[in-house]
Amino acid sequence: MVQILLFASLAQQAGTQKISLDLATPVTVEQVRDHLQNQLGELKGIENALVAVNEEYADLTVEIKNGDTIAFIPPVSGG
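Quantities reported herein were computed from a predicted structural model and do not represent experimental measurements.

*Asks:* I would appreciate a short explanation of the overall build of the chain in the present structure.
*Replies:* Within the chain, the secondary structure is distributed over 2 helices and 7 strands. The C-alpha atoms of the chain give a radius of gyration of 12 Å, which matches the 12 Å a tight globule of 79 residues would have. Expressed as a percentage of its 79 residues, the buried residues of the chain come to 34%. Across the chain, the fraction of contacts at a sequence separation of at least 24, relative to all contacts at a separation of at least 6, is 56%.

Structure below.
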């Protein structure tokens, strides 16, 4: 089981901040992101979101294992 955390506009679009996925592992962060897009529909901004795996910033090639937590943090704008 992999825990997905969505923040800000991504959580609003998905209607939830936390998703649990049972994935055939190992998979990459990019594959998880694509799976979310397929399951939830287009999540605007997810392609530019910062990604953290187990509370450490990661890139799209990092492999995910059962028990990992992935956070997608969209860019924040404001003044």
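*Asks:* Just checking my understanding: could you explain the environment of Ile-73 for this structure?
*Replies:* Residue placement: Ile-73 occurs in strand E7 (residues 69-73). Judged by relative accessible area, Ile-73 falls into the partly exposed class, the value being 26%. In this structure the C-alpha to C-alpha distance between Ile-73 and Val-51, which are 22 residues apart in sequence, comes to 6.3 Å. Not counting chain neighbours up to four residues away, the residues in contact with Ile-73 comprise Phe-7, Ala-49, Leu-50 and Tyr-57.

*Asks:* Would you mind showing me how to read helix H2 (residues 29-40) here?
*Replies:* Along an α-helix, residues three or four positions apart point the same way, because every turn accommodates 3.6 residues. Helix length check: H2 (12 residues) gives 16 Å between terminal C-alpha atoms against 16 Å at 1.5 Å per residue, within 8%. Residues of H2 that are buried include every one of Val-29, Val-32, Arg-33 and Leu-36, and no others. Burial along H2 is one-sided: seen end-on, the buried residues are contained in an arc of 100°. Packed against the buried residues of H2 are strand E1 (2-6), strand E2 (18-21), strand E3 (27-28), strand E4 (50-53), strand E6 (63-64) and E7. Where H2 ends, the next residue or the one after it, Gly-41, has phi of about 90°, a positive value.

*Asks:* Help me understand the pairing of E2, please; the structure alone is not making it clear to me.
*Replies:* Two faces belong to every sheet, and in a regular strand the side chains alternate between them. Here E2 shows a clear split, with Ile-19 and Leu-21 buried on one side and none of Lys-18 and Ser-20 buried on the other. The pairing of E1 with E2 spans 4 bridges and is classified as antiparallel. Paired with Gln-3 across the two strands is Ser-20, which belongs to E2.

About the criteria used
Residues numbered from 1 in each chain as written. Predicted model: local features only at pLDDT ≥ 70, side-chain atom pairs only at ≥ 80, totals over all residues. Heavy atoms only, no water. Helix = DSSP H or I, 4+ residues; strand = E, 2+ residues; numbered from the N terminus. Rg over C-alpha atoms; globule rule 2.2 N^0.38 Å. Buried < 20%, exposed > 50% of the residue type's maximum accessible area, 1.4 Å probe, protein only. Contact = heavy atoms within 4.5 Å. Expected span 1.5 Å × (residues − 1). Arc of directions from axis to C-beta. Pairing = 2+ DSSP bridges.

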